[in-house]
Amino acid sequence: MQPVSAAQAVKVYSCPGCGGQVAEGTAHLVVWRADGVLGDAADLAARRHWHSSCWKVH
Ligand SMILES: [Zn+2]
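All of these numbers come straight from a predicted model, not from anything done at the bench.

1. A word on the overall build of the chain
So, point 1. Within the chain one finds two helices and five strands.
So, point 2. Each helix and strand of the chain, ordered N terminal to C terminal, gives the series β-β-β-β-α-β-α.
So, point 3. Radius of gyration (C-alpha) of the chain: 11 Å, near the 10 Å computed for a compact globule of 58 residues.
So, point 4. Along the three orthogonal principal directions, the C-alpha set of the chain runs to about 30 × 25 × 15 Å.
So, point 5. When each of the 58 residues of the chain is scored for burial, the buried share is 24%.

Here you go:
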């Protein structure tokens, strides 16, 4: 899990926490599995972008 600053958020993402969208230019969190079973490429493809507030209550 890693924070994404507003300046790094250059796309609109879907938040799995609330089902809504993380607007472009909004600081949020990117979360992924790091167990590496399927390799780094699969881990990167499985990244999910969460609103910071949604992740805290998750
Ligand atoms: Zn959300």
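2. What about the coordination of the zinc ion?
So, point 1. Looking at the zinc ion, the protein donor atoms are Cys15 (SG), Cys18 (SG), His51 (ND1) and Cys54 (SG), and they sit 2.0 to 2.4 Å from it.
So, point 2. Classification of the site at the zinc ion as tetrahedral follows from its four donor atoms and the range of 104 to 114 degrees in their angles at the metal.
So, point 3. In primary sequence terms, the donor set of the zinc ion follows C-x2-C-x32-H-x2-C. Here His51 lies in the loop between strand 5 (48–50) and helix 2 (52–57) and Cys15 lies in the loop between strand 2 (13–14) and strand 3 (21–22), a separation of 36 residues in the sequence.

3. Side note on the environment of Ala45
So, point 1. Structurally, the position occupied by Ala45 is in helix 1 (residues 40–45).
So, point 2. Measuring from C-alpha to C-alpha, the distance between Ala45 and Trp32 comes to 8.7 Å, with 13 residues separating the pair along the chain.

Rules and cut-offs
- Residues numbered from 1 in each chain as written.
- Predicted model: local features only at pLDDT ≥ 70, side-chain atom pairs only at ≥ 80, totals over all residues.
- Heavy atoms only, no water.
- Helix = DSSP H or I, 4+ residues; strand = E, 2+ residues; numbered from the N terminus.
- Rg over C-alpha atoms; globule rule 2.2 N^0.38 Å.
- Buried < 20%, exposed > 50% of the residue type's maximum accessible area, 1.4 Å probe, protein only.
- Donors = N, O, S within 2.8 Å, 3.2 Å for Na, K, Ca; no water.
- Tetrahedral: all angles 85-135°; square planar, octahedral: opposite > 155°, others 65-115°.

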